[in-house]
Amino acid sequence: MLGLDRASCALLGKDMITFVREPTQWGQSALIFGLLFMYTTNLRRLGYDTQSPVWSAVLSYLNVLVSSLAISTLTTRFIFPQFSLEGQRLWMLGLSPLPLERILSLKLRLSAGLLALLTTMLVLVSCLTISLPAQRIAFFIAAIILLSYGLTSLALSLGALLPNFREPNPARIVSGFGGTLCLITSFLYILLSFGALVVPAFLELRNGRIGGIAVPGTKLHWELAALAAVGLTTFVFGVVPYWLARKRIKSLAYLGSL
């Protein structure tokens, strides 16, 4: 299955069954994505002139921002406490055929993959609704995929770096120092990434060339530069914390406190 061994498939199956058995998790997730889907499919009925270059840019960027904030909410609420919720059973995972750093990697792949798939569908539907060109659609899809993996990695990594194995209630885990830090850093990551993403549209609006081809290739170059900036921000907020979390997990430094 997807190139995974039997132990990895068993762990992923356990996580999916746990998610299905928790109505608070899939219920809130379904509510958030359901509302976003209803919003994106009714953009044309909101009374905005989607043919206007200005409103087209505003709506498309706001859709990406709203999707990013939804990911941030879900990752902070459900992904951050995942490692802490293993609690007193963590030593059992340490004795399993899978090393703990492999377990962290599988959790990231599962959570980030699902979130990236859902948010990509939302962004695609919203872009098609307001009739964006294919190049701009690809730009937004690439951005939301980077944000999905970055936000998931940030929440999961902070959860492993700042675990609370004594608290069985995920809501209390999130309301602690680690959860607050995760929420603040997620917002900062979104703010910096969104600031980079709006640069191409800002330059087009300033020069009055939205929808035109005044300088061939310039628009594509600015969008690639914006994605590179988001990739760099993702490295700082996603890859670096993940590397630190793997390093700490591999040392098994906190197993003695269980």
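Look up a bit, the structure's there.
Report follows, based on the coordinates.

About the criteria used
- Residues numbered from 1 in each chain as written.
- Predicted model: local features only at pLDDT ≥ 70, side-chain atom pairs only at ≥ 80, totals over all residues.
- Heavy atoms only, no water.
- Helix = DSSP H or I, 4+ residues; strand = E, 2+ residues; numbered from the N terminus.
- Areas by Shrake-Rupley, 256 points an atom, 1.4 Å probe, with all protein chains shown as cover.
- Expected span 1.5 Å × (residues − 1).
- Buried < 20%, exposed > 50% of the residue type's maximum accessible area, 1.4 Å probe, protein only.
- Core = buried A, V, L, I, M, F, W, Y, C linked by side-chain atoms within 4.5 Å.
- Contact = heavy atoms within 4.5 Å.
- Phe/Tyr/Trp six-rings, centres within 6.5 Å; stacked < 30°, edge-to-face > 60°.
- 1 Å grid on protein atoms, 1.4 Å probe; cavity = no way out; pocket = protein on both sides within 12 Å on 5 of 7 lines; lining within 4 Å.
- Points joined across faces, edges and corners; volume = space filled by probe spheres on them.
- Nonpolar A, V, L, I, M, F, W, Y, C, P; charged D, E, K, R; others polar.
- Axes fitted to C-alpha atoms, helices over the stretch in contact; angles between N-to-C directions.
- Parallel < 35°, antiparallel > 145°, perpendicular 65-115°, else oblique.
- Left-handed = near helix turned anticlockwise from the far one by under 90°.
- Salt bridge = Lys/Arg side-chain N within 4 Å of Asp/Glu carboxyl O.
- Patch = residues over 30% accessible without salt bridge, like charges linked within 9 Å, V, L, I, M, F, W, Y side chains within 5 Å.

## Comments concerning the overall build of the protein
Check the secondary structure of the protein and you find 10 helices and zero strands. Entry remark: accessible area of the protein is about 13100 Å², with carbon and sulfur atoms responsible for 70%.

## Details of helix H7 (residues 134-161)
Side chains of residues three or four places apart in an α-helix project in the same direction, reflecting 3.6 residues per turn. For H7, with 28 residues, the first-to-last C-alpha span of 40 Å sits near the 40 Å given by 1.5 Å per residue. Taken across its 28 residues, H7 has 20 buried, putting it largely inside the fold.

## Some remarks on the nonpolar core
Tyr61, Phe139, Phe140 and Leu197 are the most contacted members of the largest nonpolar core, which totals 33 residues. Of all the secondary-structure elements, those providing two or more residues to this core are helix H2 (23-41), helix H3 (53-79), helix H6 (100-129), H7, helix H9 (177-207) and helix H10 (218-251). No other element matches the eight residues that H7 contributes to this core. Residues within four places of Leu197 in sequence aside, it is in contact with Tyr61, Val64, Phe139, Ala143, Ala226, Leu227 and Val230.

## With respect to the packing of aromatic side chains
Following the criterion strictly, the structure yields four aromatic pairs and no others. Centroid distance Tyr61 to Phe140: 5.0 Å. Interplanar angle 85 degrees. Geometry classified as edge-to-face. Pair noted here: Tyr61 is in helix H3 and Phe140 is in helix H7, with a separation of 79 residues, a long-range link. For the pair Phe139 and Phe140, a centre-to-centre distance of 5.3 Å together with 55 degrees between the ring planes defines the contact as tilted. The exposure class assigned to Phe139 is buried, which follows from its relative accessible area of 2%. An aromatic cluster of at least three residues, connected via ring pairs, comprises Tyr61, Phe139, Phe140 and Phe194.

## Notes on H6
Compared with the 44 Å implied by 1.5 Å per residue over 30 residues, the 43 Å span of H6 between its first and last C-alpha is a close match. Of the residues trailing H6, Ser131 is marked for its positive phi of about 60 degrees.

## Some points on empty space enclosed by the protein
Applying the stated rule across the entire model yields one cavity of 30 Å³ or more. Estimates place the volume of the largest cavity at around 40 Å³. Around the largest cavity, the lining residues are Leu36, Tyr39, Thr40, Asn63, Val66, Ser67, Leu122 and Ser126. Looking at the lining of the largest cavity, the elements with two or more residues in it are H2, H3 and H6. Among the residues making up the lining of the largest cavity, the classes are represented as four nonpolar, four polar and no charged.

## A closer look at the environment of Asn42
As for its position among the elements, Asn42 is in the loop between H2 and H3. Counting along the chain gives 84 residues from Asn42 to Ser126, while the straight-line C-alpha distance between them is 8.9 Å.

## Some thoughts on the packing of H6 against H7
Two elements in contact, H6 and H7, have axes whose closest approach is 8 Å; the angle formed by their N-to-C orientations is 150 degrees. Considering their axes alone, H6 and H7 lie roughly antiparallel with respect to each other. Where H6 crosses over H7, the two elements pack in a sense that is right-handed. In terms of residue class, the contact of H6 with H7 is built from 17 nonpolar, seven polar and one charged.

## What to know about the environment of His221
Within the secondary structure, His221 is located in helix H10. A C-alpha to C-alpha distance of 8.9 Å links His221 and Pro200, two positions 21 residues apart in sequence.

## A short note on the pattern of salt bridges
Under the criterion given, the structure shown has one salt bridge. Taking the shortest distance from any N to any O, the salt bridge between Glu223 and Arg136 comes out at 2.8 Å. Taken together, the positions of Glu223 in helix H10 and Arg136 in helix H7 put the pair 87 residues apart, joining distant regions of the chain. Neither Glu223 nor Arg136 differs from the other in exposure class; each is buried.

## Examining a nonpolar patch on the surface
Together, Leu232, Phe235, Val236, Val239, Val240, Trp243 and Leu244 line one region of the surface with nonpolar side chains, adding up to about 640 Å² of accessible area. Along the chain, Leu232 falls in helix H10. Classification of Leu232 by relative accessible area gives exposed; the value is 56%.

## Considerations on the side chain of Ser111
The topology assignment puts Ser111 in helix H6. Exposure remark for Ser111: the relative accessible area of 11% places this residue in the buried category. Not counting residues within four places of it along the chain, the set of residues in contact with Ser111 comprises Ile79, Gln82 and Thr152.

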